[in-house]
Amino acid sequence: MKEFASSIEIIDPRIERCKVHTADSIVFLSLAAVIFGSQAWNDMEDFGTAKEDFFKSHLPNWNGIPSHDTINRFFSAIEPDKLEELFREWIGAMVCDCKGVIAFDGKTVRGGCTEGERNGKAGKNGGACRSKLHLVSAYATEYGISLGQMKVDEKSNEITTVPELIDAVFIPGCIFTVDAMHCQKKTALRVLEKGGITYSW
């Protein structure tokens, strides 16, 4: 996890003189907090406060607990595609000999929209999201870990996203499973082009 946190330095867009907390400190804290159940920026700050001695002993560049606003601003500034690419490289290195089933599945993220996307009465301007954040994930069932995910474009659907994710996480020797909606020629061809074989039942 520390290795992945350190790799984020190369995509950190912040100005050097403005960095109070290093990228690896923020990312390592955030990952650890999420693993232990944190679901919001404030939770991450609280987790850091409770476990500060641990972080001090494991991170040589530790400079105190970043505030929830700092964590939020940091991840908001990072380009999601670059972060996802680094995540896939990290996971791929750990499970390069992965066997078994990789399950592709799409899910709509609860509350996955910005305040600017709200209308009605509940949000800043009220109401529910006009558009939901929908992600397709590739899940290695034997390892219990996601190998990667992709956002489904608002004007598209899972059918066009799955072939792209197959390109990104394809591991020879694994069994890929998809929902019935993905029994598409283009999806099957993508698997065949990567050296796989296809079945349907």
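Residues numbered from 1 in each chain as written. Predicted model: local features only at pLDDT ≥ 70, side-chain atom pairs only at ≥ 80, totals over all residues. Heavy atoms only, no water.

Peer 1: Mind laying out the nonpolar core, listing which residues take part and the relevant values?
Peer 2: In terms of nonpolar packing, the biggest core is built from 38 residues, with Ile-8, Phe-55, Phe-74, Ile-102, Phe-104, Leu-147 and Leu-165 touching the most fellow members. Not counting residues within four places of it along the chain, the set of residues in contact with Phe-104 comprises Ser-137, Ala-138, Val-162, Leu-165, Ile-166, Val-169, Phe-176, Thr-177, Val-178 and Asp-179. (Core = buried A, V, L, I, M, F, W, Y, C linked by side-chain atoms within 4.5 Å. Buried < 20%, exposed > 50% of the residue type's maximum accessible area, 1.4 Å probe, protein only. Contact = heavy atoms within 4.5 Å.)

Peer 1: Now, about the sheet that holds strand S1 (residues 100-108): what can you tell me, with residues and values included?
Peer 2: Taken in spatial order, the four strands make up an open sheet running S3-S2-S1-S4, and their pairing is mixed. At either margin of the open sheet sits one strand with a lone partner, and together these are strand S3 (145-151) and strand S4 (174-177). Strand-to-strand, the axes of this sheet are offset by a mean angle of 20 degrees, without reference to chain direction. As judged from the seven bridges shared by S1 and strand S2 (residues 134-140), these two strands associate in the antiparallel manner. (Pairing = 2+ DSSP bridges. Helix = DSSP H or I, 4+ residues; strand = E, 2+ residues; numbered from the N terminus. Axes fitted to C-alpha atoms, helices over the stretch in contact; angles between N-to-C directions.)

Peer 1: Outline the pairing of S1, listing residues and values.
Peer 2: Pairing analysis gives four bridges linking S1 to S4, with the strands arranged parallel. When the sheet's bridge partners are listed, Ala-103 is paired in S4 with Thr-177.

Peer 1: Before we move on, can you summarise the environment of Ala-168 with the specific residues and values?
Peer 2: As for its placement among the helices and strands, Ala-168 is situated in helix H7 (residues 158-169). Taking the C-alpha atoms as reference points, Ala-168 and Gly-148, separated by 20 residues in sequence, lie 7.9 Å from one another. Contact partners of Ala-168, with chain neighbours within four places excluded, come to Arg-88 and Met-150.

Peer 1: An account of the packing of helix H2 (residues 23-35) against helix H5 (residues 68-77) is needed here, citing residue identities and associated values.
Peer 2: The axes of two packed helices give the description: the angle between them and the distance between them. Relative to each other, H2 and H5 sit at 105 degrees, their axes nearing to 11 Å. By the criterion of interaxial angle, the relationship of H2 to H5 is roughly perpendicular. Residues Ala-23, Ile-26, Val-27, Leu-29 and Ser-30 of H2 touch H5, and the partners they reach there are Thr-70, Ile-71, Phe-74 and Phe-75. (Parallel < 35°, antiparallel > 145°, perpendicular 65-115°, else oblique.)

Peer 1: Which residues make up the pattern of salt bridges, and what are the values?
Peer 2: Scanning the model with the defined rule gives seven salt bridges in all. Between Arg-190 and Asp-167 there is a salt bridge, with its nearest N and O atoms 2.7 Å apart. Highlighted residues: Arg-190 in helix H8 (residues 185-193) and Asp-167 in helix H7, separated in sequence by 23 residues. Judged by its relative accessible area of 35%, Asp-167 falls in the partly exposed class. When the shortest N-O distance is used, the salt bridge between Glu-193 and Arg-190 registers 4.0 Å. Of this pair, Glu-193 and Arg-190 both sit in helix H8, three residues apart, which is roughly one turn of that helix. Residue Glu-193 is classed as exposed on the basis of its relative accessible area, which comes to 61%. For Arg-190, a relative accessible area of 24% gives the class partly exposed. Three or more residues are tied together by salt bridges with common partners; here these are Asp-12, Arg-14, Glu-16 and Lys-19. (Salt bridge = Lys/Arg side-chain N within 4 Å of Asp/Glu carboxyl O.)

From the geometry alone we can't say anything about function, so treat these as descriptive.
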